[in-house]
Protein chains: 2
Amino acid sequence: MVKYEARLDAIFTALAHPARRAMLARLGRGEATVGELAEPLGVSLPAVSKHLKMLERAKLISRGKNAQWRPCRLEEAALNAASDWIEAQRKIWESRLDRLESYLHTIEQRDRSKR
Amino acid sequence: MVKYEARLDAIFTALAHPARRAMLARLGRGEATVGELAEPLGVSLPAVSKHLKMLERAKLISRGKNAQWRPCRLEEAALNAASDWIEAQRKIWESRLDRLESYLHTIEQRDRSKR
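What this report covers is the structure whose coordinates are included nearby. Just so you know, these numbers come straight off a predicted model, no measurement behind them.

Cut-offs used in this document
Residues numbered from 1 in each chain as written. Chains lettered and ligands numbered in written order. Predicted model: local features only at pLDDT ≥ 70, side-chain atom pairs only at ≥ 80, totals over all residues. Heavy atoms only, no water. Helix = DSSP H or I, 4+ residues; strand = E, 2+ residues; numbered from the N terminus. Buried < 20%, exposed > 50% of the residue type's maximum accessible area, 1.4 Å probe, protein only. Polar contact = N/O pair within 3.5 Å; in protein donor to acceptor, adjacent residues only side chain to side chain. Contact = heavy atoms within 4.5 Å. Salt bridge = Lys/Arg side-chain N within 4 Å of Asp/Glu carboxyl O. Buried area = accessible area lost by both parts, 1.4 Å probe. Nonpolar A, V, L, I, M, F, W, Y, C, P; charged D, E, K, R; others polar.

## Considerations on the side chain of Ser83(B)
Right, on to step 1. Tracing the backbone shows Ser83(B) in helix H5 (residues 76-114).
Right, on to step 2. Under the relative-accessibility criterion, Ser83(B) is labelled buried at 8%.
Right, on to step 3. At a separation of 3.0 Å, a polar atom in the side chain of Ser83(B) contacts the side chain of Arg90(A).
Right, on to step 4. Not counting residues up to four positions away in its chain, the partners in contact with Ser83(B) are Ile86(A) and Arg90(A).

This is how it looks when you write it as structure tokens:
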């Protein structure tokens, strides 16, 4: 459980920066090198490397073994873990609204039968 | 655009802590006071207040006007903004996989017709 929570911490922290989200959006369209990720962002290679480390730690991306290029690739499982958590909250929330609606409906019916 | 990005930064930062996620999960089941949120977490009221401020800043929750209780309430729109962003990435990723599949299929067909 703690491991799952720590994983979500790392994923949401990694998603909490516009440069890292832009890098993930770019990687969704295909693999890219550090240079290719840096260019449209207009940030330095060391800055991009730092962001990449956070994305790697969250397992949102993986990197190739080729020492020279080490292309970056999106790993969908981590994005799924984040959306699964949000989806679970939505289900709790919606089932609560459903219960509330059915309760209001019951009261309405009771009031009508009393008239 | 910058405002939208800043909003996502605040939302994902707020989601990046187990106590704040637990508080949101609790609020999904209904409104709660600061005390009710603090108790199951076993953390101090000041610590909970700090977490609440981050959730409020991200507009993930709102608080009642009643000065004494100020019950906290989940605001679904912010959770939707987070899942919409993730969903958009998934769509880019999936359309890329679809294109890749259709490309591989075309090659396969061409190879067969050459035999």
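## Re the pattern of salt bridges
Opposite charge on two side chains makes pairing possible when the charged atoms of those side chains draw close.
Right, on to step 1. In total, this model carries 10 salt bridges over all chains according to the counting rule given.
Right, on to step 2. Taking the shortest distance from any N to any O, the salt bridge between Glu108(A) and Arg112(A) comes out at 3.7 Å. With Glu108(A) and Arg112(A) both in helix H5 (residues 76-114) and four residues apart, this pair spans about one turn of that helix.
Right, on to step 3. A relative accessible area of 40% means that Glu108(A) is categorised as partly exposed.
Right, on to step 4. Here Arg73(B) and Glu31(B) are joined by a salt bridge, their closest N and O atoms 2.7 Å apart. On the criterion of sequence distance, the pair formed by Arg73(B) in strand S2 (residues 72-74) and Glu31(B) in the loop between helix H2 (18-28) and helix H3 (34-41) is long-range, its members being 42 residues apart.
Right, on to step 5. The class for Arg73(B) is partly exposed, based on a relative accessible area of 42%.
Right, on to step 6. For Glu31(B), a relative accessible area of 37% corresponds to the partly exposed category.
Right, on to step 7. Among the ionic contacts, a cluster of salt bridges with common partners joins Glu5(A), Asp9(A) and Arg21(B).

## What to know about the interface of chain B and chain A
Right, on to step 1. Across the contact, 31 residues belong to chain B and 31 residues belong to chain A.
Right, on to step 2. The contact between chain B and chain A buries some 2800 Å² in all, and 62% of this surface belongs to carbon and sulfur atoms.
Right, on to step 3. Connecting chain B to chain A are four salt bridges.
Right, on to step 4. Between Glu5(B) and Arg21(A) there is a salt bridge whose closest N-O contact spans 2.6 Å.
Right, on to step 5. In this structure, the connection of chain B to chain A is made through 10 residue pairs in polar contact (both at pLDDT 80 or more).
Right, on to step 6. Going through the elements one at a time, helix H1 (2-15), H2 and H5 of chain B are the ones with two or more residues in the side of chain B that touches chain A.
Right, on to step 7. Sorting elements by how many residues they give to the side of chain B that touches chain A places H5(B) first, with 13 residues.
Right, on to step 8. Of the residues belonging to the side of chain B that touches chain A, the class tally is 15 nonpolar, seven polar and nine charged.

Geometric values such as these leave the question of function open.
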